[in-house]
Amino acid sequence: MKVFFYYFLLFFIYSVLGWIIESSLVSFYEKKFVNRGFLIGPYCPIYGYGSLAMILYLDQYKDNAITVFLLGVVICTILEYFTSYIMEVLFKTRWWDYSDKKFNLNGRVCGKNAILFGIGGIFIIYVAQPFLTKILSFIPDIALFPISIVLFIIFLTDTIFSLNIMTRFKKTITSIDLKKDSTQEFSKMVRDAISNNHRIFQKRLMTAFPNLDFNKVIEFKNKIKEELRETSKK
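Residues numbered from 1 in each chain as written. Predicted model: local features only at pLDDT ≥ 70, side-chain atom pairs only at ≥ 80, totals over all residues. Heavy atoms only, no water.

Per the stated rule, a full pass over the model turns up two salt bridges. Residue K62 is joined to D59 by a salt bridge in which the shortest nitrogen-to-oxygen separation is 3.7 Å. According to the relative accessible area criterion, D59 is partly exposed, its value standing at 38%. Measuring nitrogen to oxygen at the nearest pair gives 2.9 Å for the salt bridge that ties E88 to R108. Separated by 20 residues along the polypeptide, E88 in helix α3 (residues 65-91) and R108 in the loop between α3 and α4 (111-136) bring together distant segments of the chain. The exposure class of R108 is buried, given its relative accessible area of 8%. (Salt bridge = Lys/Arg side-chain N within 4 Å of Asp/Glu carboxyl O. Buried < 20%, exposed > 50% of the residue type's maximum accessible area, 1.4 Å probe, protein only. Helix = DSSP H or I, 4+ residues; strand = E, 2+ residues; numbered from the N terminus.)

The following block contains the structure:
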């Protein structure tokens, strides 16, 4: 049981670190604060899962940095690809798209990210994990349990609540009959239209994933125009 709490804390810490890094980078490029991830709290679970996978599998290869780098590329690229695929199947929309990047595969993964994953593997195995292992070793067993339970309840509640919001978001997209399209102008129109709904968590999703792809945006454009005309008559 202690091992479970230990790895959950690692998962949580790396999820938070991933959120900090990604939100900082995106905010820098966007020149405004962007809260990344689909959960409400400041964490991105994909980084937690990826980090745990590397910790559990790559530690045995830490005597060979090249192997650690290459396996980090493979493990996290596969994780990112299937995460993108599963989310698209569940919610009928593309949450990120690297189609404009070099060496991309179906727009789900790209060469740049793959290299960053390899660098991340090096950082985790040789820097972050030894440091975190030492820090967590100072936490007494009597405190490890309540800390883990509280964080787990917060994370689980957030996940359930956010998935509920995402389900509503999916229904909104389905109701307006959108499909994939890469036209930036129309995509912005869709984001703006959906953002007019003042439910904070739906707006949170649109901010976190600015590159959502939609289909039949021309038809949707006409629907928006029609709705605006009807509104102006009232």
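Running from N to C, helix α1 (residues 2-30) and helix α2 (residues 45-58) cross one another at 125°; their axes reach a closest spacing of 7 Å. If you check the angle between α1 and α2, you find them oblique. For α1 against α2, the interelement crossing comes out right-handed. Residue-level inspection shows Y7, L10, F11, Y14, S15, G18, W19 and E22 of α1 in contact with α2, the latter providing P45, Y47, G48, Y49, S51, L52, I55 and L56. Of the residues in the contact of α1 with α2, the class split is eleven nonpolar, four polar and one charged. (Axes fitted to C-alpha atoms, helices over the stretch in contact; angles between N-to-C directions. Parallel < 35°, antiparallel > 145°, perpendicular 65-115°, else oblique. Left-handed = near helix turned anticlockwise from the far one by under 90°. Contact = heavy atoms within 4.5 Å. Nonpolar A, V, L, I, M, F, W, Y, C, P; charged D, E, K, R; others polar.)

What the rule picks out here adds up to 13 aromatic pairs. Taken together, F8, F11, F12, Y43, Y49, F152 and F155 form an aromatic cluster joined through their ring pairs. Here the basic side chain of R108 rests over the ring of Y81, its NZ or CZ set 5.6 Å away from the ring centre. (Phe/Tyr/Trp six-rings, centres within 6.5 Å; stacked < 30°, edge-to-face > 60°. Lys NZ or Arg CZ within 6 Å of the ring centre and 35° of its normal.)

Turning our eyes to something else, we now look at the environment of F82. As for its placement among the helices and strands, F82 is situated in helix α3. Residues F82 and R108, spaced 26 residues apart in sequence, show a C-alpha to C-alpha distance of 8.4 Å.

On to unusual backbone geometry. With phi around 55°, F103 is a residue other than glycine that occupies positive phi space. One non-glycine residue, N106, lies in positive phi territory at about 55°. What makes N106 partly exposed here is its relative accessible area of 47%.

Right, let's get into a nonpolar patch on the surface. A surface patch of nonpolar side chains, amounting to about 650 Å² of accessible area, comprises V74, I78, F82, Y85, I86, V89 and L90. Note on placement: I78 falls in helix α3. (Patch = residues over 30% accessible without salt bridge, like charges linked within 9 Å, V, L, I, M, F, W, Y side chains within 5 Å. Areas by Shrake-Rupley, 256 points an atom, 1.4 Å probe, with all protein chains shown as cover.)

For the rest of this paragraph, the subject is the confidence of the model for the protein. Averaged over every residue, the pLDDT of the protein is 77; residues scoring 70 or more account for 70%. The secondary-structure element of the protein with the lowest mean pLDDT is helix α6 (residues 184-195), recorded at 40, while α4 shows the highest, at 94. Throughout residues 175-195 the model reports pLDDT below 50, and contacts reaching past four residues in sequence, or to other chains, amount to 42 contacts. Throughout residues 213-218 the model reports pLDDT below 50, and contacts reaching past four residues in sequence, or to other chains, amount to 26 contacts. (pLDDT = per-residue confidence, 0-100.)

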